[in-house]
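# Structure at a glance
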Amino acid sequence: MKGCKTAINDNLLNIISPMILKFSTKGIQIGDNLARCYIINKYPSSLEYGWLGKISNVQGVVMINEFIPQSEGVLISALSENIKSNRQKAVSETDDYRKMQAEKRALDGQNILKQIEEKGESIGLMVNIMLVLGNSEEALRKNCERLTNTVIGLGCNVRQIPFFQEDGFISISPYGYTTDIVKELAGRVSLLSTYIGGYFNSSEGFSDDEGYYFAKDINGKLMIMDLWKRNGDRTNSNIVAVGAPGKGKSTAIKKIILNEYMLGTKILIVDPEREYDKIVKDLDGDWINLGGGEKGNINPLEIKPISLDDSEEEKEFDGVGALALHLQNLEVFFSLCLSSITERQKTILNENLIKLYNEFGIYWDTNTSNLTSKDFPIISDLYNTLVKNKELEEDKQTILDYNDLILYIGNLINGQDQFLFNKQTSLFTESKIVCLDTYDLNNSSERIKKAQYFNIISWCWQQMTKDRNEKIMLICDEAYLLIDPEIPQTLIGLRNIAKRCRKYEGSLVVISQSIIDFLDPRIKMYGQALLTLPCYKIFLGSDGKDLQEIVDVFELKQIHKDIIQAGVRGRGLLIIGSKHYIFNMELADYEAKYILGGKGGR
Ligand SMILES: Nc1ncnc2c1ncn2[C@@H]1O[C@H](COP(=O)(O)OP(=O)(O)OP(=O)(O)O)[C@@H](O)[C@H]1O
Ligand SMILES: [Mg+2]
């Protein structure tokens, strides 16, 4: 073949060569197939990522794409000439359309020069040759049509090279040789980035200017994420992580925890599985047992200071004192832990609570923020108040209600849960990372567990709102445990945190194996918001009904569904704002030291 310097044995050549190889201006006959060569001779100023892939995927098309580096000096002076002549044309041209085109070409040229100068980008000649194949005239015609439509659709110009079909064929054959005439016809000055950007595996990836390495994208590029960045579709720093057991949810979040901690974010973790103890202890944080441990008491009767100070909330709670707000909280608390309390009994309990607080010198307008934990009553004080006030009661029915209440409250101070609720608050921590371990709650009844979670979430919100400028992240692992469709207040509380925490530099992280619990019709309006509000969504392996719910709620495409279904540990889908990325989570050695090795998912 002309120009081909490959030393190839004649016999072998006979075996691998097609029976017929004929060139004409109409095209090429290669054995039983017909073919035609095309080149791209014009490109728009910018091309979408993966544009080359789109062309080479057209049916019946073989494509070669070559970048020939050139001496910058020669190309830059050619480019400058080009810019100059287009500028002149733009001034002298009377036709509006041509004038506009010349202006645009001059501007494009200028942009290329800028890229070379400012970013040190390489330039060269880009050559694209396409060979279209078909097993009949008709098939060839159709494939040629598909190719031209695709190329034109990308904003490029494509043309046949009737007199140089043989040169085209040689250049596209695997000899690594492009003939001079093809270089001349198809070569266009281009930036290296345009050439590289043509391939699908060279997506721009995801990178914020600041933050830390979160994972690798599908092409192995590092994804650098700044959780606190705000722009168009990134309006909060909340995360939801969903996936089947053992697929790496907690591991992914631990990686985020470690990196956030290093950047100074305060971390609170609600840990029902006792799997964050290692990382928290290794980072010199506070590990606190909220299932009845010495330092882990939250007195439900301790009134939390009102920290809601933004205008919207000020209006909502205008004129309402700390006591009144706390009584609302207590109604939820007692509904959660006293299974059969009636409406009448709730009213009696409320009256007794007011009397009890008054006995402790706390009235509607008392400023409770100056009080210490010891200044508040505990549940046994409430018990005594109920006993005392029952004695003063004459109405038979009311006495019966008192009896029930005394029984219920008595269980809280005498039964196995007395260590949980009947103590002054001992939960104080100034640590930068705190694990609120709820593992021992697994021995308590569902109701007690839910009531304690309600307490914990209220305590966490109090911490989050203490300082508007301190970045603070609250992680709720196994979050489905917090959900009770009968009494949705804990879920509503979490939903409210998700909505409000961005104003306090807060981030809420919700981790769950399944999203079905969040979508129970009785609580869907809060549960779904909790899942969809976060700007950062992490999906790891799932299948069956869980996967279908994920696809429906988050409106995922087939390709993303496939990735989640494949269920490879550490691989998943990350949604940031409105953008979707397939990621692989790999731990750096120093991260693995902190993250792996403790008790974790199966
Ligand atoms: N990206 C990863 N790199 C290395 N090991 C990993 C990775 N992801 C998970 N693992 C390993 O798999 C185990 C299970 O992961 P993990 O605890 O994060 O799963 P999970 O999704 O939180 O499960 P569960 O729902 O049961 O809590 C971990 O103990 C860890 O050893
Ligand atoms: Mg886990």
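Our subject in this report is the structure included herewith. Not measured: the values here are computed from a predicted model.

The next thing to look at is the side chain of Ser542. With respect to the helices and strands, Ser542 occurs in the loop between β16 (536–539) and α20 (544–554). Exposure remark for Ser542: the relative accessible area of 4% places this residue in the buried category. Ser542 has contacts with Gly243, Ala244, Leu547, Ile550, Ile564 and Gln565, leaving out every residue within four places of it along the chain.

Per the stated rule, a full pass over the model turns up 21 salt bridges. Residues Arg234 and Asp208 are paired through a salt bridge, measuring 2.7 Å at the closest nitrogen-oxygen approach. One end of the pair, Arg234, is in the loop between β9 (222–225) and β10 (239–242); the other, Asp208, is in the loop between α8 (192–196) and β8 (212–217), and 26 residues separate them in sequence. A residue is classified by how much of its surface remains accessible, and Asp208, at 4% relative accessible area, is buried. Between Lys450 and Glu446 there is a salt bridge, with the nearest N and O atoms lying 3.2 Å from each other. Here Lys450 pairs with Glu446, and both are found in helix α17 (residues 446–464), just 4 residues apart, close to one helical turn. Here the salt bridges share partners, and the residues they tie into one network are Glu138, Arg141 and Glu145.

Turning to the pairing of strand β5 (residues 123–134), a few remarks are in order. Most of β5 is tucked away: 11 of the 12 residues are buried. Here strand β3 (residues 33–42) pairs with β5 via 6 bridges, running antiparallel. Across the sheet, Ala35 pairs through a bridge with Leu133, a residue of β5. One ladder, built from 9 bridges, connects strand β4 (residues 61–69) with β5; its direction is antiparallel. Bridged to Val62 within β5 is Leu131. Where β5 and strand β7 (residues 188–191) come together, 4 bridges link them in antiparallel fashion. Considered in β7, the bridge of Leu125 is made with Val189.

Turning our attention to the environment of Leu353. Considering the arrangement of structural elements, one finds Leu353 in helix α13 (residues 343–359). Accessibility expressed as a relative area gives 3% for Leu353, which makes it buried. Considered as a pair, Leu353 and Leu330 are 23 residues apart in the sequence and their alpha carbons are 9.3 Å apart. Residue contacts for Leu353: discarding those within four places in its chain leaves Leu301, Leu327, Leu330, Phe334 and Leu382.

Note on placement: Ser431 falls in the loop between α16 (418–421) and β13 (433–437). Judged by relative accessible area, Ser431 falls into the buried class, the value being 14%. Among all residues touching Ser431, those that are not within four sequence positions of it are Lys266, Asp284, Gly285 and Asp286.

For the rest of this paragraph, the subject is the packing of helix α12 (residues 322–337) against α17. Packed helices, taken two at a time, are described by the angle between their axes plus the distance between the axes. Axis separation between α12 and α17 bottoms out at 7 Å; the angle between their running directions is 160 degrees. In terms of orientation, α12 lies roughly antiparallel with respect to α17. Within the contact between the two elements, α12 uses Asn329, Val332, Phe333, Ser335, Leu336 and Cys337 and α17 uses Arg447, Ile448, Lys450, Ala451, Phe454 and Asn455. In the contact of α12 with α17, the residues fall into 7 nonpolar, 3 polar and 2 charged.

The rules behind each value
- Residues numbered from 1 in each chain as written.
- Chains lettered and ligands numbered in written order.
- Predicted model: local features only at pLDDT ≥ 70, side-chain atom pairs only at ≥ 80, totals over all residues.
- Heavy atoms only, no water.
- Helix = DSSP H or I, 4+ residues; strand = E, 2+ residues; numbered from the N terminus.
- Buried < 20%, exposed > 50% of the residue type's maximum accessible area, 1.4 Å probe, protein only.
- Contact = heavy atoms within 4.5 Å.
- Salt bridge = Lys/Arg side-chain N within 4 Å of Asp/Glu carboxyl O.
- Pairing = 2+ DSSP bridges.
- Axes fitted to C-alpha atoms, helices over the stretch in contact; angles between N-to-C directions.
- Parallel < 35°, antiparallel > 145°, perpendicular 65-115°, else oblique.
- Nonpolar A, V, L, I, M, F, W, Y, C, P; charged D, E, K, R; others polar.

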